[in-house]
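Descriptive structure summary
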Amino acid sequence: MKVTVTAKRRETPVAIRTEYIKLQDMLKFCGESETGGEAKLRVQSGEVRVNGETCTMRGKKLRAGDTVTTDRGAWVVVSDEH
């Protein structure tokens, strides 16, 4: 019998002060991608998941509560409105 154990990743909060942030901008903001071009390629190649589903729309609007996951980490968008 083969058993696979996967550890659940802790999501790092990414605070935004606007209504939404575009996926490619969030990847740059949190340091997952160094440039917009790199973010674009990673999204379009299917390396990024939003709320558990593969997302290939680099302009996808992320709002508070949305979770972004890659092979390198996980982030959750939170509102930082005062």
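Above this text you will find the structure in question.
The text that follows walks through the structure, step by step, so that each part is easy to find. Given the structure is predicted, the values throughout are model-derived calculations rather than measurements.

The buried fraction of strand 7 (residues 73-79) is high, at five of seven residues. Here strand 1 (residues 12-16) runs beside strand 7; their pairing, made up of five bridges, is parallel. For Ile16, the partnering residue across the bridge sits in strand 7 and is Ser79. Here strand 6 (residues 67-70) folds back onto strand 7, and the loop between the two strands holds two residues.

The next subject is a positive patch on the surface. A contiguous patch of positive charge on the surface is contributed by Lys22, Lys40, Arg58 and Lys61. Judged by its relative accessible area of 32%, Lys40 falls in the partly exposed class.

The subject of this paragraph is the packing of aromatic side chains. Both the distance between ring centres and the angle between the ring planes are used here to describe each pair of aromatic rings. In this structure the tally under the stated criterion is zero aromatic pairs. In this arrangement the basic side chain of Lys61 is found over the ring face of Tyr20, its NZ or CZ atom lying 4.7 Å from the centre.

Let us now look at the nonpolar core. By size, the foremost hydrophobic cluster in this structure holds 15 residues, and its most contacted members are Leu23, Met26, Leu27, Val48, Val50, Leu62 and Val68. For this core, the element with the highest residue contribution is helix 1 (residues 23-29), accounting for three residues. Setting aside anything within four residues of it in sequence, one finds Leu62 in contact with Ile16, Glu19, Tyr20, Ile21, Leu23, Met26, Val50, Val68 and Val77.

Cut-offs applied
- Residues numbered from 1 in each chain as written.
- Predicted model: local features only at pLDDT ≥ 70, side-chain atom pairs only at ≥ 80, totals over all residues.
- Heavy atoms only, no water.
- Buried < 20%, exposed > 50% of the residue type's maximum accessible area, 1.4 Å probe, protein only.
- Helix = DSSP H or I, 4+ residues; strand = E, 2+ residues; numbered from the N terminus.
- Pairing = 2+ DSSP bridges.
- Patch = residues over 30% accessible without salt bridge, like charges linked within 9 Å, V, L, I, M, F, W, Y side chains within 5 Å.
- Areas by Shrake-Rupley, 256 points an atom, 1.4 Å probe, with all protein chains shown as cover.
- Salt bridge = Lys/Arg side-chain N within 4 Å of Asp/Glu carboxyl O.
- Lys, Arg positive; Asp, Glu negative; His and termini not counted.
- Charge placed at Lys NZ, Arg CZ, Asp CG, Glu CD.
- Phe/Tyr/Trp six-rings, centres within 6.5 Å; stacked < 30°, edge-to-face > 60°.
- Lys NZ or Arg CZ within 6 Å of the ring centre and 35° of its normal.
- Core = buried A, V, L, I, M, F, W, Y, C linked by side-chain atoms within 4.5 Å.
- Contact = heavy atoms within 4.5 Å.

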